[in-house]
Amino acid sequence: GAGVSQSPSNKVTEKGKDVELRCDPISGHTALYWYRQSLGQGLEFLIYFQGNSAPDKSGLPSDRFSAERTGGSVSTLTIQRTQQEDSAVYLCASSLRSAGLKETQYFGPGTRLLVL
Amino acid sequence: GQQLNQSPQSMFIQEGEDVSMNCTSSSIFNTWLWYKQDPGEGPVLLIALYKAGELTSNGRLTAQFGITRKDSFLNISASIPSDVGIYFCAGQKGAGGTSYGKLTFGQGTILTVHP
């Protein structure tokens, strides 16, 4: 389909290992967001990219978290030295910034990360 | 990080009943949004509200943007089994009158509909 895709859908890792989560946004969407959803909680903003502008990293919980977006399309969220509290669903969203003033963020299905 | 205060946390209703949920914030948002999330899926936008006092409907769903810009509610009329899921409110601050940028979410309302 033409929606936002994320991989892997599930990831189990051991404490201390690094993980990479991938997001493929909707083709042509210029804005890309990462959110984290802990069990029973709402979504928590992590980082967002808009075109060639510097990303807004204000939601990253620690310096173990980083993200990049290559070629204005695919994005990778990296968590280094994972901790058990990193276990959550990581959701990616993309949107089209048009000449108008409004956007709709379309979400992917998420990556469920479990740190043992 | 900041989250919106959403209530109730869960609701158990009979098919055909109406449902109401709301969200409040200590700060102002320029846009209020309501999403629904099904198990194993990402949230899907139901209704977007862009002006204080705005009342918007989408089928059986009605939502309002509070006049103070610090609250919003969502009503679902004549509930059906497929309404089951988690409903989230979200606020967007934007800048200069725009409605772009990161979303701040409520904790969610889990809706169960008994046939």
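1. Looking at the overall build of chain A
Right, on to step 1. Broken down by element type, chain A carries zero helices and ten strands.
Right, on to step 2. Reading chain A from its N terminus to its C terminus gives the helix and strand order β-β-β-β-β-β-β-β-β-β.
Right, on to step 3. Considering only C-alpha atoms, chain A reaches an extent of 45 × 30 × 25 Å along its principal axes.
Right, on to step 4. A buried classification covers 47% of the 116 residues belonging to chain A.
Right, on to step 5. Of the roughly 5,600 Å² of accessible surface on chain A, 48% is carried by carbon and sulfur atoms.
Right, on to step 6. With 12 positive and 11 negative side-chain charges, chain A shows a spacing of 3 Å between the two charge centroids.

2. Quick word on the packing of aromatic side chains
Right, on to step 1. Throughout the structure, instances matching the rule amount to eleven aromatic pairs over all chains.
Right, on to step 2. Between Tyr33 of chain A and Tyr48 of chain A the ring centres are 4.7 Å apart and the planes differ by 15 degrees, which places this aromatic pair in the stacked class. Pair noted here: Tyr33 of chain A is in strand 4 (residues 31-37) and Tyr48 of chain A is in strand 5 (residues 43-50), with a separation of 15 residues, a long-range link.
Right, on to step 3. By relative accessible area, Tyr33 of chain A is classed as buried at 0%.
Right, on to step 4. Given the relative accessible area of 17%, Tyr48 of chain A is considered buried.
Right, on to step 5. Connected via pairs of aromatic rings, a cluster forms that spans Tyr33, Tyr35, Phe45, Tyr48 and Phe107 of chain A together with Tyr35, Phe88 and Phe105 of chain B.
Right, on to step 6. Its end group placed over the ring of Phe29 of chain B, Lys93 of chain B keeps NZ or CZ at 4.2 Å from the ring centre.

3. Things to note about the sheet that holds strand 8 (residues 71-76) of chain B
Residue and element names in this part refer to chain B.
Right, on to step 1. Spatial ordering of the open sheet is given by 1-3-8-7-6, a layout of five strands whose pairing is antiparallel. Of all strands in the sheet, those with a lone pairing partner are strand 1 (5-7) and strand 6 (55-58), marking the two edges. Across the sheet, the mean angle separating the axes of adjacent strands is 15 degrees when strand polarity is ignored.
Right, on to step 2. Taken together, the six bridges between strand 3 (residues 19-24) and strand 8 define a ladder with antiparallel strand orientation. For Val19, the partnering residue across the bridge sits in strand 8 and is Ile76.

About the cut-offs
Throughout this document, residue positions are counted from 1 along each chain, in the order its sequence is written. Throughout, the order in which chains and ligands are written sets their labels, letters from A for the former and numbers from 1 for the latter. Local features in a predicted model are, by the rule used here, given only for residues with pLDDT of at least 70; side-chain atom pairs are given and counted only at 80 or more, and totals for whole chains, interfaces and linings are based on all residues. Computation of side-chain values: all heavy atoms of the structure, hydrogens and water removed. Helical segments are the DSSP runs of H or I of at least four residues, strand segments are the runs of E of at least two, and each set is numbered from the N terminus. Each residue's exposure class comes from its accessible area (1.4 Å probe, protein chains only) as a fraction of the maximum for that residue type: buried when under 20%, exposed when over 50%, partly exposed otherwise. In short, Shrake-Rupley with a 1.4 Å probe defines the accessible areas, and a residue's cover is counted only from the protein chains shown. Asp and Glu are treated as the negative residues and Lys and Arg as the positive ones, with His and the ends of the chain left uncounted. Taken as the charge location is NZ of Lys, CZ of Arg, CG of Asp or CD of Glu. Working definition: rings of Phe, Tyr and Trp (its six-membered ring) pair if their centres are within 6.5 Å, and the pair is stacked with planes under 30 degrees apart, edge-to-face with planes over 60 apart, and tilted otherwise. Placement of a charge over a ring requires the Lys NZ or Arg CZ to be within 6 Å of the ring centre, with the centre-to-atom vector within 35 degrees of the ring normal. When DSSP finds at least two bridges between two strands, those strands are taken to pair. Here an axis means a line fitted to C-alpha atoms, over the contact stretch when the element is a helix, while the angle between two N-to-C directions is reported on a 0 to 180 degree scale.

Any link to function would need more than the numbers given here.
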